[in-house]
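The residues making up each chain are set out below.
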Amino acid sequence: MSPETAKSAETKARLLEGALRTLTEQGIARTSARTVAAAAGVNQALVFYHFGSVDELLAAACRYGAESSVSRYRDRFATVTSLSGLLALGREIHEQERAAGHVARLGQLLAGAQTHATLGPATAAGLDLWITEIERVLERVLADTPFGEFADPPGLARAVAASFVGIELYEGVDAAGATAALEALEQLGLLVGALEELGPVAQRAVRQYLRRASGRR
């Protein structure tokens, strides 16, 4: 890599980090070429040179931030062996992401998506990175359970992700309610875990019930 290329890559990374920091600390309404450049320690003209517009920079920063966050937990996702374990990891991630300010940033991105056309697809793409990891876990942990035949891992992964996003946003107005919602999800995981511990006869009965209930024979 030439010195010029390396310098360009470094500047882009500083702008991406600066955009994320500005969103977290000042909110979408105060995020501009000037405030991002100040956070990055560069000339604001470089925002347009490297990204074309503030909106394109924010879209790139959204994807960059999501990939950075997800990459920190990929190894943990790979070790999950049960639905209750997935929900417990989700709660741990929630606590860590909130402490790092990433929950507040997600709220700003979702708010900004209403008026910034590029932010909607970029935020969705960032969430898809989380959904992909959740889906892989669900496919693995449900495969040998009575639910494996009936579960829809892609849809269920989106439901789990949407639940955590909703809880994260809800926490800002009702922290106790958000905690109760997290605990309810964990209780659901325990109920599924209890069914997984049933013997083969009981599991066969559960499968038969689910087949009847879903119209399958």
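Conventions and cut-offs
Residues numbered from 1 in each chain as written. Predicted model: local features only at pLDDT ≥ 70, side-chain atom pairs only at ≥ 80, totals over all residues. Heavy atoms only, no water. Axes fitted to C-alpha atoms, helices over the stretch in contact; angles between N-to-C directions. Helix = DSSP H or I, 4+ residues; strand = E, 2+ residues; numbered from the N terminus. Parallel < 35°, antiparallel > 145°, perpendicular 65-115°, else oblique. Contact = heavy atoms within 4.5 Å. Phe/Tyr/Trp six-rings, centres within 6.5 Å; stacked < 30°, edge-to-face > 60°. Buried < 20%, exposed > 50% of the residue type's maximum accessible area, 1.4 Å probe, protein only. Lys NZ or Arg CZ within 6 Å of the ring centre and 35° of its normal. Nonpolar A, V, L, I, M, F, W, Y, C, P; charged D, E, K, R; others polar. Core = buried A, V, L, I, M, F, W, Y, C linked by side-chain atoms within 4.5 Å. Salt bridge = Lys/Arg side-chain N within 4 Å of Asp/Glu carboxyl O.

(A) Structural detail: the packing of helix α6 (residues 102–112) against helix α8 (residues 153–170). With their axes 10 Å apart at the nearest point, α6 and α8 run at an angle of 100° to one another. Relative to α8, the element α6 lies roughly perpendicular. Here Val103, Leu106, Gly107 and Leu110 of α6 come into contact with α8, specifically with Val165, Glu168 and Leu169.

(B) Inspection of the packing of aromatic side chains at higher detail. Using the criterion set out here, one finds two aromatic pairs in the structure. Note on Tyr73 and Trp130: the rings are 5.9 Å apart at their centroids and 40° apart in plane angle, and the pair reads as tilted. Of this pair, Tyr73 sits in helix α4 (residues 54–79) while Trp130 sits in helix α7 (residues 119–142), and the two are 57 residues apart along the sequence. Exposure remark for Trp130: the relative accessible area of 16% places this residue in the buried category. A centroid spacing of 6.5 Å and a plane angle of 65° characterise the contact between Phe77 and Trp130, whose relative ring orientation is edge-to-face. Residue Phe77 is found in helix α4, and its partner Trp130 is found in helix α7; the two are separated by 53 residues along the sequence. According to the relative accessible area criterion, Phe77 is buried, its value standing at 5%. Among the aromatic residues, those joined into a cluster by ring pairs are Tyr73, Phe77 and Trp130. Above the ring of Phe51, the side-chain terminus of Lys12 is found at 5.7 Å from the ring centroid.

(C) Structural detail: the packing of helix α1 (residues 3–26) against α4. Where α1 contacts α4, the axes come no closer than 9 Å and their chain directions differ by 90°. One way to sum up the angle between α1 and α4 is to call them roughly perpendicular. Judged by residue contacts, Leu15, Leu16, Glu17, Ala19, Leu20 and Leu23 of α1 engage Leu57, Leu58, Ala60, Ala61, Cys62, Tyr64 and Gly65 from α4. Classifying every residue of the contact of α1 with α4 gives 11 nonpolar, one polar and one charged.

(D) Region of interest: the nonpolar core. Judged by nonpolar contacts, the single largest core of 24 residues is most densely connected at Phe77, Leu86, Ile93, Trp130, Ile134, Val137 and Leu138. With seven residues, the single largest contributor to this core is α7. In contact with Leu86, not counting residues within four places along its chain, are Phe77, Val80, Ile134, Val137 and Leu138. Membership of the second largest hydrophobic core comes to 23 residues, among which are Leu23, Val36, Leu58 and Ala61.

(E) View of the pattern of salt bridges. Following the criterion strictly, the structure yields eight salt bridges and no others. Of the charged contacts in the structure, one is a salt bridge between Arg72 and Glu97, with a shortest N-O distance of 3.3 Å. In this pair, Arg72 sits in helix α4 while Glu97 sits in helix α5 (residues 83–99), placing the two residues 25 residues apart along the sequence. Measuring nitrogen to oxygen at the nearest pair gives 2.3 Å for the salt bridge that ties Glu95 to Arg98. Here Glu95 pairs with Arg98, and both are found in helix α5, just three residues apart, close to one helical turn. For Glu95, a relative accessible area of 30% corresponds to the partly exposed category. The class of Arg98 is partly exposed, set by a relative accessible area of 37%. Look at the salt bridges and you will find they share partners, linking Glu67, Arg74, Glu133 and Arg136 into a network.

Worth remembering: the numbers are spatial, not functional.
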